[in-house]
Amino acid sequence: MKRRTFAGIGAGVFLLPLAACGDDSDSGDGGGGDGLVVGFAQVGAESAWRTANSTSVQDAAAADDRIAELKFVDAQQDQEKQIEAVRNFITQQVDVIVLAPVVETGWTDVLQEAADAGIPVVLADRGIEAADEDLYVTRLGSDFVAEGRSAGEWAATTFADDADGTRILELQGTTGSAPANDRKTGFFEVLDAEGLNYEIVDSQSGNFTAEEGKSVMETFITTHGLDGIDLLYAHNDEMGLGAIQAIEEAGFAPGTDIQIIIVDGSKAGFQAGVDGKLNYIVECNPVFGEQLMDVVVQVADGESVEKFTPVEEGVFDATQFEAELPNRQF
Ligand code: AHR
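Reading the values: rules and limits
- Residues numbered from 1 in each chain as written.
- Predicted model: local features only at pLDDT ≥ 70, side-chain atom pairs only at ≥ 80, totals over all residues.
- Heavy atoms only, no water.
- Near = heavy atom within 4 Å.
- Polar contact = N/O pair within 3.5 Å; in protein donor to acceptor, adjacent residues only side chain to side chain.
- Areas by Shrake-Rupley, 256 points an atom, 1.4 Å probe, with all protein chains shown as cover.
- Helix = DSSP H or I, 4+ residues; strand = E, 2+ residues; numbered from the N terminus.
- Nonpolar A, V, L, I, M, F, W, Y, C, P; charged D, E, K, R; others polar.
- Axes fitted to C-alpha atoms, helices over the stretch in contact; angles between N-to-C directions.
- Parallel < 35°, antiparallel > 145°, perpendicular 65-115°, else oblique.
- Left-handed = near helix turned anticlockwise from the far one by under 90°.
- Contact = heavy atoms within 4.5 Å.
- Pairing = 2+ DSSP bridges.
- Right-handed = clockwise from strand over helix to strand, strands pointing away.

In the vicinity of the ligand, the contacting residues are Glu46, Ser47, Trp49, Arg50, Asp125, Arg126, Phe144, Pro179, Arg183, Phe208, Asn236 and Asp264. Between the ligand and the protein, one listed contact pairs an oxygen atom with a side-chain N or O atom of Ser47 at 3.2 Å. Take Arg50: an N or O atom from its side chain is 2.9 Å from an oxygen atom of the ligand. Protein burial of the ligand: of its 280 Å² of free accessible surface, 100% is covered by the chains. Elements that contribute at least two residues to the shell around the ligand include exactly helix H1 (48–63) and helix H5 (178–193). Residues of the shell around the ligand, tallied by class, amount to four nonpolar, two polar and six charged.

Right, let's talk about the packing of helix H6 (residues 210–224) against helix H7 (residues 237–249) for a bit. Contact pair H6 / H7: the axes reach a minimum separation of 7 Å and the direction vectors enclose 40°. The orientation of H6 with respect to H7, classified from their angle, is oblique. The two elements H6 and H7 meet at a crossing, and its hand is right-handed. When H6 is examined against H7, the residues Ala210, Gly213, Lys214, Met217, Glu218 and Ile221 are found in contact with a partner set consisting of Glu238, Met239, Gly242, Ala243, Gln245, Ala246, Ile247 and Glu249. Taken together, the residues of the contact of H6 with H7 sort by class into seven nonpolar, three polar and four charged.

Strand pairing in a sheet relies on backbone hydrogen bonds, with the paired strands running either antiparallel or parallel. Pairing is mixed across the open sheet formed by six strands, whose spatial order is E9-E8-E10-E11-E12-E14. With partners counted over all chains shown, the strands left at the sheet margins are strand E9 (198–205) and strand E14 (315–317), one partner each. The sheet shows a mean angle of 15° between the axes of neighbouring strands, taken without regard to direction. Taken together, the four bridges between strand E10 (residues 231–234) and strand E11 (residues 259–264) define a ladder with parallel strand orientation. Counterpart to Leu232 in the pairing with E11 is Ile260.

Turning to the pairing of strand E4 (residues 67–74), a few remarks are in order. As defined by bridge partners, strand E3 (residues 36–42) adjoins E4 across seven bridges and the pair is classed as parallel. Considered in E4, the bridge of Leu36 is made with Ile67. As a crossover connection, the stretch from E3 through H1 into E4 is right-handed.

See the structure below:
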């Protein structure tokens, strides 16, 4: 598939004069034959969520006749590696670049290079800072602020009668990433709006991994103990599950001695809920590969697309864990 000139991008709904489907006459094509050549710079493989997301995108591309090739790069949670991947996609003259940006800032130069080369960029999953919003066409992924608000609503209701004040530990995702920033914003926005009397006892990054989540919790327990801590808000399953391990190893009962909220909703997360080790799950849905392929083709075909399309997500409390567990896809 051949690209035409990527003639400028602006905010709002986009209309791009891009691909001429089935036209293989231009030189410098990203790939031969019919179908689009798509470059996907993925964050890494830090969580079950991420693995499920990569599988969903790769399977959807392989099954889609409109996609000739998906060039997949695992950036190992390293922005420099993602920037390098995007530059390689530009050199290879792919038709569309899909980027799941590890952090929100630092994208201006490379996205400008993509625009100058006439290659549209679709953000998958995470977003980037508002100042660069003219440099990508659209984002498909979660509303992370809404996820944080959902967690905050449960906490504000659950601890509404806690006269002593609710003492909270927060395990943040990767520093500077959209889900870490937005899940924090949404959560505390609701606690403040609801007038909850709370204290953030500690808030640290566990980089969205089980190892770092466990390590942060171990250090906290060793230094401060866990007495008087009411709630752990973990920005993803892996960090929550790692922390649960640390809590158990220290002789406490997760889900009882300390209430726990996680975000994602993997099988392992739901199983921990069924086992009574956590109390609330905010879903983050990684299975949007087919939807992403539709967006990629729309963008390449020059159709108008919304600036942001949220994926569907739910919330689950302890009364729902067991029934929902068999439905989990990752
Ligand atoms: O960007 C989505 C987040 O990234 C998921 O919540 C987390 O598990 C992943 O690492």
